[in-house]
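# Working through the structure, step by step
Residues per chain, in single letters:
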Amino acid sequence: MPELNYWCELAWLPPGEVVAGVLVRVSGSRFAEITPGMAEPPAGAVRLDGLTVPGLANAHSHAFHRALRGVTQREKGSFWTWREQMYGVAATLDPDSYLRLARATFAEMALAGITSVGEFHYLHHGPGGRPYDDPNVMGHALVQAAREAGLRIALLDACYLSGGFGTPLAGTQLRFGDGDADRWAVRVEALAAAYRGAQDVEIGVAVHSVRAVPSEQMPTVSRFSHHHALPMHVHVSEQRAENAACVEMYAASPVQVLNEHEVLGPRSTAVHATHVSDVDIALLGQSGTRVCMCPTTERDLADGIGPARAMAEAGSPITLGSDSHAVIDLFEEARAVELDERLATERRGHWTAAELLQAATAAGHACLGFPDAGTLVPGAWADLVSVRLDSVRTAGASRSGAAETVVFAATAADVHSVVSGGRHVVAEGRHVLGDVGALLGAAIAEARGESA
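Below: a short report on this structure. It should be emphasised that the depicted structure is a prediction, and the values quoted were computed from it without experimental measurement. (Residues numbered from 1 in each chain as written. Predicted model: local features only at pLDDT ≥ 70, side-chain atom pairs only at ≥ 80, totals over all residues. Heavy atoms only, no water.)

## Remarks on helix α8 (residues 278-287)
Among all positions of α8, only Asp280, Ile281, Leu284, Gly285 and Ser287 are buried. Looking at the packing, one finds that the buried side of α8 touches α7 (254-260), β10 (268-272), β11 (290-293) and α10 (308-314). Gly288, located one to two residues past α8, shows a positive phi value of around 75°. (Buried < 20%, exposed > 50% of the residue type's maximum accessible area, 1.4 Å probe, protein only. Helix = DSSP H or I, 4+ residues; strand = E, 2+ residues; numbered from the N terminus. Contact = heavy atoms within 4.5 Å.)

Rendered as structure tokens:
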């Protein structure tokens, strides 16, 4: 890539300060130089109005869930009834249709300022669980989709072996399973080998959940992660029913089971952690396990409100994800961490805008295996997200309050420019792939069986 210069009207620079007139020199996929105090853009520099922040990291995504938006709002129910609708979409997808749906979903993320995605991937095999000729073809489709949309991807390949505690896989779930963790590891070894040396792809691993991976199988996944130094993610305590069933099975909470079987640690991320005890919080924090909050999904599914502040203070860095993509808007996820905690505690001011931006940027990229992203410093990934400060939501923002305005008032629609790894993928609010709404419409109709 050629060397390019960008001039930011305002930029959010370390250690969390809004600075006026910042010239950013990009060489290839990395920042070469950051120069504050430039009152006017020099000749040839691309002007970025508003507030420019580092690229956002969506630490927890299930791309195919995007096809459920709106459909699951038609009736009452719970996470478990929603899950049946999700299985209906999963049953329809093949590698080609998955590529189209994921590409459009990832392009929507890019429009929202996301430059890295953690794709929690468990839709591995064909109908009935029959492996494709290439058993990783569905994973390859996700990598191709991210690259075409302009995102880096951490493909978090999930081990998924049972339909519940002591229950075999059935129906659509058969597409998720490899039989046991050893066979899962053989498949993922080949997947990792295919992308070894690729800077824009990180192959990570996942224990789907304590209900989907028997405890004796978990150490195989954790040892694979440790041996290859890969990020490891796991769904944790999303619903009270899951906790109760885990206690009945193991006489321990999900966090305690994961701790006993080597899943927690500084490379690990616990997703949701909605219903955790003080003991659980201490185990997560003392192990250095990160926590990914997904507030829009957690409220959409009526899961509850997780104790994010308590987990952070115990030692667990907080990250953010859009999970089921009820909406794709990391600013909404960020402010929801604070606003939901206000509802739960009846107190304001748990999180500053700077802390929430840190969760949405550097902390998120780090949990995906991209620790050199999410900050505007030389040598970091060249990701720039520029947010309008003159929209109906953000008009009136001052320099001193620009970060607060973006975190607590802006939406994804206010993102007007996105540079991802040195590539200008969104300019004037338009993605390089063209009409992303039309791409989404066609891909979702196909996934729902409506294309004919």
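Okay, back to it.
## So, the side chain of His235
Following the sequence through the fold, His235 ends up in strand β9 (residues 232-236). Under the relative-accessibility criterion, His235 is labelled buried at 7%. Polar side-chain contacts of His235 include one of 3.1 Å to the side chain of His60. One polar contact links His235 to His62, side chain to side chain, over a distance of 3.4 Å. Not counting residues up to four positions away in its chain, the partners in contact with His235 are His60, His62, Phe120, Val207, His208, Ser209, Glu242, Val271 and His272. (Polar contact = N/O pair within 3.5 Å; in protein donor to acceptor, adjacent residues only side chain to side chain.)

## Some thoughts on the packing of helix α2 (residues 95-111) against helix α3 (residues 137-149)
Helix-helix packing is characterised by the crossing angle of the two axes and by the distance between the axes. Here α2 crosses α3 at 35°, and the two axes come no closer than 8 Å. Read as a crossing pair, α2 and α3 show a hand that is right-handed. Here Pro95, Tyr98, Leu99, Ala102, Arg103, Phe106, Ala107 and Ala110 of α2 come into contact with α3, specifically with Val137, Met138, Ala141, Leu142, Gln144, Ala145, Ala146, Glu148 and Ala149. Considered class by class, the residues forming the contact of α2 with α3 number 14 nonpolar, one polar and two charged. (Axes fitted to C-alpha atoms, helices over the stretch in contact; angles between N-to-C directions. Left-handed = near helix turned anticlockwise from the far one by under 90°. Nonpolar A, V, L, I, M, F, W, Y, C, P; charged D, E, K, R; others polar.)

## Notes on unusual backbone geometry
A negative phi holds for most residues other than glycine; trans holds for most peptide bonds. In this chain, Pro14 is followed by Pro15 through a cis amide linkage whose omega measures 5°. Tracing the backbone shows Pro15 in the loop between β1 (3-13) and β2 (17-27). For Glu262, which is not glycine, the phi torsion reads 70° and is therefore positive. Looking at where Glu262 falls in the secondary structure, it is placed in the loop between α7 and β10. Although it is not a glycine, Ala273 sits at a positive phi angle of roughly 45°. The class for Ala273 is buried, based on a relative accessible area of 0%.

## Things to note about the pattern of salt bridges
A full pass over the atoms with the stated rule returns 22 salt bridges. A salt bridge links Arg183 to Asp180, with the nearest nitrogen and oxygen atoms 3.3 Å apart. In this structure, the salt-bridge partner of Asp390 is Arg388, at a minimum N-O distance of 2.9 Å. Classification of Arg388 as partly exposed rests on a relative accessible area of 35%. (Salt bridge = Lys/Arg side-chain N within 4 Å of Asp/Glu carboxyl O.)

## Notes on helix α5 (residues 218-228)
Because each turn of an α-helix spans 3.6 residues, side chains separated by three or four positions in sequence point in the same direction. For α5, the full list of buried residues reads Met218, Pro219, Thr220, Val221, Ser222, Phe224 and Ser225. Buried positions along α5 lie against β7 (152-159), α4 (181-194), β8 (201-207), β9 and α7.

## Things to note about the sheet that holds β11
Spatially, β5-β6-β7-β8-β9-β10-β11-β12 is the arrangement adopted by the eight strands of the open sheet, whose pairing is parallel. On the outer flanks of this sheet lie β5 (56-61) and β12 (318-320), each paired with one strand and no other. Across the sheet, the mean angle separating the axes of adjacent strands is 25° when strand polarity is ignored. Across the face of the sheet, helix α12 (residues 353-360) comes into contact with β5 and β12 while running at roughly 65° to β12. (Pairing = 2+ DSSP bridges.)

## Some points on the pairing of β9
Taken across its five residues, β9 has five buried, putting it largely inside the fold. A two-sided burial pattern is seen for β9, the buried positions comprising Met232, Val234 and Val236 on one face and His233 and His235 on the other. Of the pairings in the sheet, the one linking β8 to β9 comprises three bridges and is parallel in character. Residue pairing in the sheet places Val205 in a bridge with Met232 of β9. Direction of pairing for β9 relative to β10: parallel, over a ladder of five bridges. Note on β10: the bridge partner recorded for His233 is Thr269.

## Some details on the nonpolar core
If you look at the biggest cluster of nonpolar residues, it comprises 118 residues, and the most contacted ones within it are Leu51, Phe64, Phe106, Leu151, Ile153 and Met311. With nine residues, α2 is the single largest residue contributor to this core. Residues contacting Leu151, with those up to four places away along its chain left out, are Phe106, Met109, Ala110, Ile114, Thr115, Val117, Ala146 and Ser420. (Core = buried A, V, L, I, M, F, W, Y, C linked by side-chain atoms within 4.5 Å.)

## Comments concerning empty space enclosed by the protein
Summed over the entire model, instances satisfying the criterion amount to two cavities of 30 Å³ or more. The volume enclosed by the largest cavity comes to roughly 160 Å³. Lining of the largest cavity is provided by 19 residues; of these, Phe79, Trp82, Tyr122, His208 and His235 occupy positions nearest its centre. The leading source of residues in the lining of the largest cavity is helix α1 (residues 79-90), at five residues. Of the residues belonging to the lining of the largest cavity, the class tally is eight nonpolar, seven polar and four charged. Computed from the structure, the second largest cavity encloses a volume of approximately 60 Å³. Residue lining of the second largest cavity: His65, Leu68, Arg69, Thr72, Gln73, Trp82, Asp300, Ser324, His325 and Ala326, and that is the complete set. The residue makeup of the lining of the second largest cavity, split by class, is three nonpolar, five polar and two charged. (1 Å grid on protein atoms, 1.4 Å probe; cavity = no way out; pocket = protein on both sides within 12 Å on 5 of 7 lines; lining within 4 Å. Points joined across faces, edges and corners; volume = space filled by probe spheres on them.)

## Describing the sheet that holds strand β3 (residues 30-35)
If you trace the eight strands from one edge of the open sheet to the other, you get β3-β2-β1-β4-β13-β14-β15-β16, paired in mixed fashion. Two strands bound the open sheet, and with one partner strand each, they are β3 and β16 (430-431). Where β1 and strand β4 (residues 46-54) come together, five bridges link them in parallel fashion. Counterpart to Tyr6 in the pairing with β4 is Val46.

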